[in-house]
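One-letter residues, chain by chain:
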Amino acid sequence: MIAELGHFTLILAMAIAALQAVIPLIGAQKGWRGWMAMATPAATAQFLCLGFSFAALTYAFVTSDFSLRLVVLNSHTLKPLLYKVAGVWGNHEGSMLLWVLILSGFGASAAWFGAGLPPRLKARVLSVQAMIGVAFLGFIIFTSNPFLRLAEPPFNGEDLNPLLQDPGLAFHPPFLYLGYVGLSMAFSFAVAALIEGRVDAAWARWVRPWTLAAWMFLTIGIALGSWWAYYELGWGGFWFWDPVENASFMPWLIATALLHSAIVVEKREALKAWTILLAILAFAFSLTGTFIVRSGVLTSVHAFANDPARGIFILAILAVFIGGALTLYAFRASAMEARGVFGLVSRESALVLNNVLLAVAAFVVFVGTLWPLVADLAFGRKLSVGAPFFNQAFTPFMVLLAVILPLGAIMPWKRARIGQSLRPLWGALALALALAALTYVMQTGRSVLAPVGVVLGVWLIGGALGELWHRAGRRTVRLARLPRADWGKALAHAGFGVSILGISLLTAWDVEDIRVAQLGETFDVAGYDVTLANVERVDGPNYQSTMATMRISRNGRLVAVLHPEKRLYPVARMPTTEAAIDNGVWRDLYLVIGDPQTGGGWAVRTYVKPFANWIWAGAIIMALGGAVSLTDRRFRVAAGARKARRGAGAAGIAAE
Amino acid sequence: MRVMVLLVLLLLPLAAPSLAVQPDEMLADPVLEARARELSQGLRCLVCRNENIDESNADLARDLRLLVRERLVAGDSDAEAIAYLVDRYGEYVLLRPTASGSNLILWIAGPVMFLLALAGAGMYLRRRRATADEPPRALSEAETARLREILGK
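Since we're looking at a predicted model, the values are computed, not measured. (Residues numbered from 1 in each chain as written. Chains lettered and ligands numbered in written order. Predicted model: local features only at pLDDT ≥ 70, side-chain atom pairs only at ≥ 80, totals over all residues.)

Colleague: Help me understand the overall build of chain A, please; the structure alone is not making it clear to me.
Modeller: Within chain A one finds 22 helices and ten strands. The C-alpha atoms of chain A give a radius of gyration of 27 Å, which matches the 26 Å a tight globule of 656 residues would have. Dimensions along the principal axes, computed over C-alpha positions, put chain A at roughly 85 × 75 × 55 Å. Burial status across chain A gives 55% buried among its 656 residues. Sequence-distant contacts in chain A: of pairs separated by 6 or more residues, those separated by 24 or more amount to 75%. (Helix = DSSP H or I, 4+ residues; strand = E, 2+ residues; numbered from the N terminus. Rg over C-alpha atoms; globule rule 2.2 N^0.38 Å. Buried ≥ 20, exposed ≤ 12 C-beta atoms within 10 Å, placed from the backbone. Contact = placed C-beta atoms within 7 Å.)

This is the structure:
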């Protein structure tokens, strides 16, 4: 019964979205206030309907309602509650429902918090948002309906993929979708602005918080996925340049570029057309990502639904929306005349360079991801493009970006002098070079990656601090009074530095040891004494485990006792390895237990991974910077203005 | 990760997961072993999804790892060992595509795009600056009058 209600509200939501797509748009064109005002309640209703629908599906998963096909395929009564809930989006149909729920959530928040927007712009934004909603609701209802019933329900389900039964991965998709879908707001604002033919500083100020929020979620989502890969896959890799990873990384790169170019629009009224194009491209990459994951065009690990019909549907959505937006752009972009003027050496130019680097980096990832397909179709060559290519082709752009970043960030608008701007940064630069030299001398003859990473990382972190100090006029008391946007910026840039340090040092100094260890045997890995104390069979709630007890000590002092596991999930008939990790600021100790050997003993892998946690800590700091920036006064002031206007608006409607 | 690997594993009756490189595969000579590891990381496990043979758990990956080590022990150089594998499995086995023929497009796409983007950005910036260098236009008659009015003169 509840499932049917969920199914019903899903269809109802599509009907509401269809109305919301058409009526406000006509209203905005004709200047009919009542028609425009319809968008707000419609957005709310659409969100409530989808919220109910999603809750109904969650209810079915939690109560293990095996008359639903989706629940049978992805759940099991013995599964812990957290994973019953996570199972809702651990599959194609459910994840698409979450996708549209978030989409309507963004639309509804724009309706609620957008009272300060000019009514025409708001009506158009909500209308475009609803058009995307209609397309994806159609996709769900016609190709991937989560509410299909089975005539003869089985007694139990087939269990969720064990790899997905993990806290890191349980929350990875929701964050990623919040990011992907959040970019739809930037897209809707861009299309609405194109229809209006006007982009100004106010527009940029409205669109920035949404982009910032989407970027934050995307950052967290990508970091969660990478962290999960690190501890779950059993060898401590954190990034594989897998097509699906690239699918989330490209929108991130473009969203980062968009954030920066929108600043130029907001402060200086330049780069308008380019910013609009980035907003369209960011969402285009989101949709492409969805297409890649769902269609199975590029087979990859994550692709849980390989169905050509679905692929074609999404490709059609992609073509209509992006094609339509770009056509509109071609006609209207020339109307976006830049107003601000500036010299060749200025903050504006630095941000242009930032955009060039980020956009080209995204382009490299895009070409690399699609090349196997192109080479096969156009040249008949079956080939692979893997991590070695991306590392080589992508990294130089990030290095350049890191080199120019602190200087560009501190430059004044309009006209700058490099020498003058560099003055507050000399300390950071000297420290970076000194530490890099030290690293180079200490590691004698190992990868050059480490010193390069140190120089860039320290330069970024030191540069961010140096800039804060400079902006505070070298007075501690003034630091607290700096605008939050300055703090957010410094945090985000420093976080980038922290991640660079983590990635380069981990890659350069990773130590690995593979051996057969007898019970009770102690062996030495990079100064740590590792003892295989015991191996036993343990039963978990829905799996069987082979669990080892291993002791690690250093210079006779016990550092950690760890329990690496090998699990077998009988329902899904799938084995997994659960590495045991002793986390530390400077290094992770990473243990994996393998098979028993014929001559006695067990295969054991031991890794010492220096600075590993810095990679994700950096991402968290970046996201935190976004959050701090989001609470900046100018956005809150805009919120205050909204409240004032809302009162006036309500009076206006009452008078009508 | 690597659902495909696991699927392959599942074809064996409930096989326990075997980890990537096994102790029994490793060569006694640490220099040769290091070279083998290095090479393995650039070779694709053919039945897996975007995974190199060094990390893969698949049986085929194990066979390839042993093959690479065999060639190195037989005295092949790195390039010869790679060529040996490419001869048998095609260029699909290379994770780092060669920069030959149509693949040149792949390799130069990034740098060329970068130069184009730089040129485009340069033109844009020069145009903005050119506007900046224009001397400010004198006030028109009407504007002067309005200014006087505002200043109350």
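Read on, since the account is not over.
Colleague: What am I meant to see in the pairing of strand 4 (residues 544–554) of chain A here?
Modeller: Both faces of the sheet carry side chains from a regular strand, because those side chains alternate between them. Residue and element names in this part refer to chain A. Summarising the sheet, strand 3 (residues 528–539) and strand 4 pair through ten bridges and their orientation is antiparallel. Residue pairing across strands places Leu532 opposite Met550, the latter belonging to strand 4. Linking strand 3 back to strand 4 in an antiparallel pair, the connection comprises four residues. Of the pairings in the sheet, the one linking strand 4 to strand 6 (residues 565–569) comprises four bridges and is antiparallel in character. When the sheet's bridge partners are listed, Ser545 is paired in strand 6 with Arg567. Relative to strand 5 (residues 557–562), strand 4 runs antiparallel, the two being bridged by five bridges. Note on strand 5: the bridge partner recorded for Arg551 is Val561. Hairpin connection between strand 4 and strand 5: a loop of two residues separates the two successive antiparallel strands, and Asn555 in this loop has a positive phi of roughly 50°. (Pairing = 2+ DSSP bridges.)

Colleague: Explain the pairing of strand 2 (residues 522–525) of chain A here, please?
Modeller: All names here are of chain A. In terms of strand pairing, strand 2 meets strand 3 through four bridges, oriented antiparallel. Note that in strand 3 the partner of Phe523 across the bridge is Val530. Taking the residues between adjacent antiparallel strands as the criterion, strand 2 and strand 3 are bridged by two residues, where Ala526 takes a positive phi near 50°.

Colleague: Sorry if this is basic, but what is going on with helix 6 (residues 92–113) of chain A here?
Modeller: Because an α-helix completes one turn every 3.6 residues, residues spaced three or four positions apart along the sequence face the same direction. Between its first and last C-alpha, helix 6 of chain A extends 31 Å over 22 residues, near the 32 Å set by a 1.5 Å rise per residue. Of all 22 residues in helix 6 of chain A, 18 are buried, a share of seventy percent or more. (Expected span 1.5 Å × (residues − 1).)

Colleague: For this particular structure, what's the right way to read the domain arrangement of chain A?
Modeller: The accessible area lost on association of the parts is a frequent measure of interface size. For chain A, the assigned domains read domain 1 (1–163), domain 2 (166–319 + 329–413) and domain 3 (512–612). Distance between the C-alpha centres of domain 2 of chain A and domain 3 of chain A: 38 Å. (Domains from an automatic or database assignment.)

Colleague: Help me understand unusual backbone geometry, please; the structure alone is not making it clear to me.
Modeller: Glycine aside, residues mostly have negative phi angles, and peptide bonds mostly take the trans form. Residues and elements named next belong to chain A. Here Trp241, not a glycine, exhibits a phi torsion of approximately 55°, which is positive. Among the structural elements, Trp241 can be located in the loop between helix 10 (201–232) and helix 11 (243–268). The phi angle at Arg474 is positive, at roughly 55°, despite the residue not being glycine. Among the structural elements, Arg474 can be located in the loop between helix 18 (449–471) and helix 19 (476–479). By C-beta crowding, Arg474 is classed as exposed, having 10 other C-beta atoms within 10 Å.

Colleague: Even after reading the chapter, I still don't get the nonpolar core, so can you show me in this structure?
Modeller: Soluble, globular proteins show a tendency: their nonpolar side chains are buried together. With 223 residues, the main nonpolar core has Ala186, Ile254 and Ala282 of chain A as its most contacted residues. The leading source of residues in this core is helix 10 of chain A, at 19 residues. (Core = buried A, V, L, I, M, F, W, Y, C linked by C-beta atoms within 7 Å.)

Colleague: Please clarify how the confidence of the model for chain B should be interpreted in this entry.
Modeller: Do not read the fine detail of predicted coordinates wherever pLDDT is low. Residue and element names in this part refer to chain B. Taken over all residues, the pLDDT of chain B has a mean of 80, while the share at 70 or more is 82%. Highest mean pLDDT in chain B belongs to helix 4 (residues 78–89) (91); lowest belongs to helix 1 (residues 3–11) (40). Taken as a whole, residues 1–18 scores under 50 in pLDDT and shows 37 contacts with residues more than four places along the chain or in a different chain. Taken together, the chains of this predicted complex give a pTM of 0.89 and an interface ipTM of 0.85. (pLDDT = per-residue confidence, 0-100.)

Colleague: Would you mind going over the sheet that holds strand 10 (residues 602–610) of chain A with me for this structure?
Modeller: The pairing of strands in a sheet comes from backbone hydrogen bonds and takes either a parallel or an antiparallel form. Residue and element names in this part refer to chain A. Read across the sheet, four strands follow the order 1-10-9-8 without closing on themselves; strand pairing throughout is antiparallel. Two strands lie at the open edges of the sheet, namely strand 1 (511–517) and strand 8 (580–582), each paired on one side alone. Going from strand to strand, the sheet's axes swing by 15° on average, the running direction of each strand aside. (Axes fitted to C-alpha atoms, helices over the stretch in contact; angles between N-to-C directions.)

Colleague: When you look at the interface of chain A and chain B in this model, what are you seeing that I'm missing?
Modeller: Of the residues lining the interface, 54 residues belong to chain A; the matching set on chain B comes to 44 residues. Those elements that provide at least two residues to the side of chain A that touches chain B are helix 14 (347–379), helix 15 (387–410), strand 1, strand 7 (574–578), strand 9 (587–596) and strand 10 of chain A. At 13 residues, the largest contribution of residues to the side of chain A that touches chain B is made by helix 14 of chain A. A breakdown of the residues in the side of chain A that touches chain B according to their chemical character gives 35 nonpolar, eleven polar and eight charged. (Nonpolar A, V, L, I, M, F, W, Y, C, P; charged D, E, K, R; others polar.)

Colleague: Just to check I follow, could you spell out the packing of helix 3 (residues 39–62) of chain A against helix 6 of chain A for this structure?
Modeller: Residue and element names in this part refer to chain A. Put simply, helix 3 and helix 6 touch, their axes get as near as 8 Å, and they point 150° apart. Comparing their axes, helix 6 and helix 3 come out roughly antiparallel. The handedness of the crossing between helix 3 and helix 6 is left-handed. The residues of helix 6 that touch helix 3, namely those facing Ala39, Thr40, Ala43, Thr44, Gln46, Phe47, Leu50, Gly51, Ser53, Phe54 and Leu57, are Gly94, Leu97, Leu98, Val100, Leu101, Ser104, Gly105, Gly107, Ala108 and Ala111. Among the residues making up the contact of helix 3 with helix 6, the classes are represented as twelve nonpolar, nine polar and no charged. (Parallel < 35°, antiparallel > 145°, perpendicular 65-115°, else oblique. Left-handed = near helix turned anticlockwise from the far one by under 90°.)

Colleague: Looking at this structure, how should I read the environment of Ile132 of chain A?
Modeller: Residues and elements named next belong to chain A. Inspection of the secondary structure assignment puts Ile132 in helix 7 (residues 119–143). You can call Ile132 buried: it has 25 C-beta atoms within 10 Å. Ile132 sits 115 residues away from Ala17 along the chain, and the two C-alpha atoms are 8.9 Å apart. In this structure, Ile132 is in contact with Leu103, Ser184 and Phe321, ignoring residues within four places of it in sequence.

Colleague: Would you mind going over the packing of helix 17 (residues 426–443) of chain A against helix 18 of chain A with me for this structure?
Modeller: The description of two helices packed together rests on the angle between their axes and the distance between the axes. Residues and elements named next belong to chain A. Running from N to C, helix 17 and helix 18 cross one another at 155°; their axes reach a closest spacing of 8 Å. As the angle between them shows, helix 17 and helix 18 are arranged roughly antiparallel. Crossing of helix 17 over helix 18 shows right-handed handedness. For the pair helix 17 and helix 18, contact is made by Gly427, Ala428, Leu429, Leu431, Ala432, Leu433, Leu435, Ala436, Thr439, Tyr440 and Gln443 and by Ala450, Pro451, Val454, Val455, Val458, Trp459, Gly462, Gly463 and Gly466, respectively. Here the contact of helix 17 with helix 18 is built from residues that sort into 14 nonpolar, six polar and no charged.

Colleague: Which parts of the structure should I look at to understand the environment of Ala115 of chain A?
Modeller: Residue and element names in this part refer to chain A. Here Ala115 shows up in the loop between helix 6 and helix 7. A tally of 20 C-beta atoms within 10 Å means that Ala115 is categorised as buried. Through-space distance from the C-alpha of Ala115 to that of Thr40 is 9.6 Å; in sequence the pair is 75 residues apart.

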